[in-house]
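Chain by chain, the residues run as shown.
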Amino acid sequence: MAGRLRRRLQNTNAALTDRPDFALVGVLRIPEFESSPWRAIYRRIVIALIVLFVAALVVYVDRDGYADNQGDDLSFLDAFYYTTVSLSTTGYGDIAPISPSARLVNILVITPLRVFFLILLVGTTLAVLTERSRQAFKIQRWRRNVRNHTVVVGYGTKGRTAVDAMLGDGVSASDIVVVDTDQTALDAAANVGLVTVYGSATRSDVLRLTGAQYAASIIVATNRDDTAVLVTLTAREIAPKAKIVAAVREAENVHLLRQSGADSVVVSSETAGRLLGIATTTPSVVEMMEDLLTPEAGFAIAEREVERDEVGGSPRHLSDIVLGVVRDGRLVRVGAPEVDAIEAEDRLLYIRRVSN
């Protein structure tokens, strides 16, 4: 099976990663925080007034180079009037204001109405072009800087819960990328500030678009076990050093995930089944387990470095409740003779109290 999957990977089209950044708008979406539309309009009006004033000032400084049809010297009002009709591309017709009051009315009333009409006429097109250009620039900058992030494949119940747990542990939303084929799920992910990629993670070019080759970890939370196997195999070939955590529904598929390159495999159906069975006799145990897995309040399972004064001591004698010691990337449970003395390079798996 692994051989067939590898051959399929070799034939995968890398079209997405070869596309220019502007062609990825809609596939790769960088979240942005929306401001009030009135604030955006106010900012644009202020910028337009500044441009008008600067242009009028330039004309007024060089007023000797301009001629008035009435033969009068140009005042600053004349310069501002000339700038207004010039920047609005109005031009000159057979009817033109010649008195200062008429020109003032033209500046304060006619030109704003003319600009408002132009906004109504072309505003939608300009907004679309501006949004696509801004997204293309943000995509280019993100692809250039993304490193050591987490890629979450699938934003269903499992993927969403995994993201919530990471956010609860203090992981920044900008360090999480979600890939899915369900646009509704991607919209939900974008609403919490996550970078999203539309496409199937079984394709290597989609995973490369998420920056998986630079990722620190990859979470595979698909709805089907066979999809999880293919995604894991694809991810392992692209990111040989990333930590891959995968979820499967059936325990009989765990070895396939391991062979495909998963570092950790979670059997979702068996885990839920065990909790359901325990809840029938000791529901308080299930409540405590849920508390340990929820980082927002109560207790949480965490990992930390060994402090200097703890080296050489026993993990059972520390003030923290230590469950295990991670040594050389391997978890050793407390009580094993090999971890009776803590080493400086160890990491401690302990129960941390979380304040409300």
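Structural notes, computed from the coordinates.

Calculation notes
Residues numbered from 1 in each chain as written. Predicted model: local features only at pLDDT ≥ 70, side-chain atom pairs only at ≥ 80, totals over all residues. Heavy atoms only, no water. Pairing = 2+ DSSP bridges. Helix = DSSP H or I, 4+ residues; strand = E, 2+ residues; numbered from the N terminus. Axes fitted to C-alpha atoms, helices over the stretch in contact; angles between N-to-C directions. Phe/Tyr/Trp six-rings, centres within 6.5 Å; stacked < 30°, edge-to-face > 60°. Lys NZ or Arg CZ within 6 Å of the ring centre and 35° of its normal. Right-handed = clockwise from strand over helix to strand, strands pointing away. Buried < 20%, exposed > 50% of the residue type's maximum accessible area, 1.4 Å probe, protein only. Salt bridge = Lys/Arg side-chain N within 4 Å of Asp/Glu carboxyl O. Expected span 1.5 Å × (residues − 1). Contact = heavy atoms within 4.5 Å.

With that settled, consider the sheet that holds strand E11 (residues 347-354). Here we have 4 strands laid out as an open sheet, ordered E8-E11-E9-E10, and antiparallel in their pairing. At either end of the open sheet lies a strand with only one pairing partner, and these are strand E8 (298-305) and strand E10 (330-333). Direction aside, neighbouring strands of the sheet carry axes that sit 35° apart on average. Where strand E9 (residues 321-327) and E11 come together, 5 bridges link them in antiparallel fashion. The residue of E11 that forms the bridge with Ile 321 is Ile 351.

This paragraph deals with the packing of aromatic side chains. Throughout the structure, instances matching the rule amount to 0 aromatic pairs. Across from the ring centre of Tyr 214, 3.9 Å away, lies the NZ or CZ of Arg 147, which sits over that ring. Its guanidinium or amino end placed over the ring of Tyr 350, Arg 304 lies 5.4 Å from that ring's centre, counting from NZ or CZ.

To continue, consider the pairing of strand E4 (residues 195-198). As defined by bridge partners, strand E1 (residues 28-29) adjoins E4 across 2 bridges and the pair is classed as antiparallel. Of the residues in E4, the one forming a bridge with Arg 29 is Thr 196. Inspection of the sheet shows strand E3 (residues 176-180) paired to E4 by 4 bridges, in the parallel sense. Looking across to E4, one finds that Val 179 is bridged to Val 197. In this view, the connection linking E3 to its parallel neighbour E4 by way of helix H7 (residues 183-191) has right-handed handedness.

Moving on, we get to the pairing of strand E7 (residues 264-267). Residue alternation in E7 divides its side chains into a buried set, Val 265 and Val 267, and an unburied set, Ser 264 and Val 266. Alignment of strand E6 (residues 243-248) against E7, held across 4 bridges, turns out to be parallel. The residue of E7 that forms the bridge with Val 245 is Ser 264. Taken together, E6, helix H10 (residues 254-260) and E7 form a β-α-β motif whose crossover is right-handed.

Note that side chains of opposite charge can pair when their charged atoms are close. Tallied over the entire structure, the rule returns 11 salt bridges. Between Arg 347 and Glu 305 there is a salt bridge, and its shortest N-O distance comes to 3.8 Å. Of this pair, Arg 347 sits in strand E11 while Glu 305 sits in strand E8; the two residues are 42 residues apart in sequence, bridging distant segments of the chain. Residue Glu 305 is classed as exposed on the basis of its relative accessible area, which comes to 55%. What emerges from the salt-bridge pattern is a single network uniting Glu 303, Glu 305 and Arg 347.

So, on to helix H6 (residues 157-168). Between its terminal C-alpha atoms H6 stretches 16 Å, which fits the 16 Å expected from 12 residues at 1.5 Å a residue. Within two residues after H6, Gly 170 carries a phi angle of roughly 95°, on the positive side.

Quick look at the sheet that holds strand E2 (residues 150-153) now. Taken in spatial order, the 7 strands of this open sheet run E1-E4-E3-E2-E5-E6-E7, and their pairing is mixed. Each edge of the open sheet carries a strand with a single partner, namely E1 and E7. Pairing between E2 and strand E5 (residues 217-220): 4 bridges, direction parallel. Residue pairing in the sheet places Val 153 in a bridge with Val 220 of E5. Sitting on the sheet, H6 touches E2, E3, E5 and E6, and the angle it makes with E2 is about 155°. Of the strands in this sheet, E2, E5 and E6 touch helix H9 (residues 225-238), which is tilted by about 175° from E6.

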